[in-house]
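# Structural characterization, general
Spelled out, the chains give:
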Amino acid sequence: MTIQEFPLAWRWTQSAHAVLPPEVLARIRPLSPTEAAQVHKSGSFPHSGAADSCSAEDTASVWAWLRRVQPDLPARVFIGWSEELAVETSWDIFTEYWSDFCYPSSDDVTIVPVAGSWRLIYHHYEQFEFVT
């Protein structure tokens, strides 16, 4: 599936929402439903590690907070909305365009690294939780 065929592509390809540059879109890879289910499952386990949280109401503050809690910008991450919908991209792209990936009132989003032991959860009530 191409990014243009991804069911949530409107978030990044329609002027009513956001139009990401072609070079950014090229670095967002839709996952198969099987891969998306794995992302969903990896984000649902209970945690016993340290947690940090941030209100998502101020875009600039969130951007700085995201880059502080995880400074590895080239890291590859999975971003999942449901058991069927997820993408892979870089932490840099996610942090730069986080508000185009996480919509208030409708989205509960799980972000997990391809390699690593942390996870980030965006709750629809505009709260991030970073868990190590």
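An account of the accompanying structure is given in this report. Bear in mind the structure is a predicted one, so any value in this text is a computation, not a measurement. (Residues numbered from 1 in each chain as written. Predicted model: local features only at pLDDT ≥ 70, side-chain atom pairs only at ≥ 80, totals over all residues. Heavy atoms only, no water.)

## Structural notes on the overall build of the protein chain
To be explicit about the condition: Runs of H or I in DSSP of at least four residues are treated as helices and runs of E of at least two as strands, each being numbered from the N terminus. Here the globule rule reads 2.2 Å times residues to the power 0.38, and the radius of gyration is calculated from C-alpha atoms.
Assigned secondary structure in the protein chain consists of 6 helices and 8 strands. For the protein chain, the α and β elements follow one another from N to C terminus as α-β-α-β-α-β-α-β-β-α-α-β-β-β. Its C-alpha atoms give the protein chain a radius of gyration of 14 Å, within 12% of the compact-globule value 14 Å for 132 residues. The dimensions of the protein chain, computed from C-alpha atoms along their principal axes, are 40 × 35 × 30 Å.

## A few points about the sheet that holds strand S7 (residues 119-123)
Counted only if it meets this: Two strands qualify as a pair provided that DSSP identifies no fewer than 2 bridges between them. Contacts were defined at the residue level, with two residues in contact if any of their heavy atoms lie within 4.5 Å. Axis geometry follows a simple rule: fit a line to the C-alpha atoms, using only the stretch in contact for helices, then measure angles between N-to-C directions, giving values from 0 to 180 degrees.
Spatially, S2-S5-S4-S6-S7-S8-S3 is the arrangement adopted by the 7 strands of the open sheet, whose pairing is antiparallel. The sheet is open, and its two borders are formed by strand S2 (29-30) and strand S3 (51-55), each paired with just one other strand. As defined by bridge partners, strand S4 (residues 76-80) adjoins strand S6 (residues 109-113) across 4 bridges and the pair is classed as antiparallel. Each bridged residue has a counterpart across the sheet, and for Ile-79 the counterpart in S6 is Ile-111. Packed on one face of the sheet, helix H3 (residues 33-42) meets S2, S4, strand S5 (86-90) and S6 and runs near 95° to S6. Packed onto the sheet, helix H4 (residues 59-69) meets S3, S7 and strand S8 (127-131) and runs at close to 165° relative to S3.

## Comments concerning the pattern of salt bridges
Stated formally: Any Lys or Arg side-chain nitrogen located within 4 Å of an Asp or Glu carboxyl oxygen qualifies as a salt bridge. Exposure categories follow from relative accessible area, calculated using a 1.4 Å probe and restricted to protein chains: below 20% of the type maximum is buried, above 50% is exposed, and the middle band is partly exposed.
One pass over the structure, following the stated rule, counts 7 salt bridges. Close ionic contact of Arg-11 with Asp-107 constitutes a salt bridge, the shortest N to O distance being 2.6 Å. Here Arg-11, found in helix H1 (residues 10-13), pairs with Asp-107, found in the loop between helix H6 (98-101) and S6; they are 96 residues apart in sequence, far enough to count as distant. By relative accessible area, which is 3% here, Arg-11 ends up buried. A relative accessible area of 6% places Asp-107 in the buried class. In this structure, Glu-96 engages Arg-67 in a salt bridge whose closest nitrogen and oxygen atoms are separated by 3.6 Å. Of the two residues, Glu-96 sits in helix H5 (residues 91-96) while Arg-67 sits in helix H4, which places them 29 residues apart along the sequence. What emerges from the salt-bridge pattern is a single network uniting Arg-29, Glu-35, Arg-76 and Glu-88.

## Side note on the nonpolar core
What counts here: Side-chain atoms within 4.5 Å link the members of a nonpolar core, which is a set of buried Ala, Val, Leu, Ile, Met, Phe, Trp, Tyr and Cys residues.
The biggest cluster of nonpolar side chains holds 34 residues, and the ones touching the most others in it are Trp-12, Trp-81, Phe-94, Phe-101, Leu-120 and Phe-128. Among the elements of the structure, helix H2 (22-25), H4, S4, H5, H6, S6, S7 and S8 are those that each provide at least two residues to this core. Sorting elements by how many residues they give to this core places H4 first, with 4 residues. Leave out the neighbours within four places in its chain, and Phe-94 touches Leu-66, Ile-79, Thr-89, Phe-101, Cys-102, Ile-111, Leu-120 and Phe-128. Of all hydrophobic cores here, the second largest spans 6 residues; its members include Leu-31, Val-39, Phe-78 and Ala-86.

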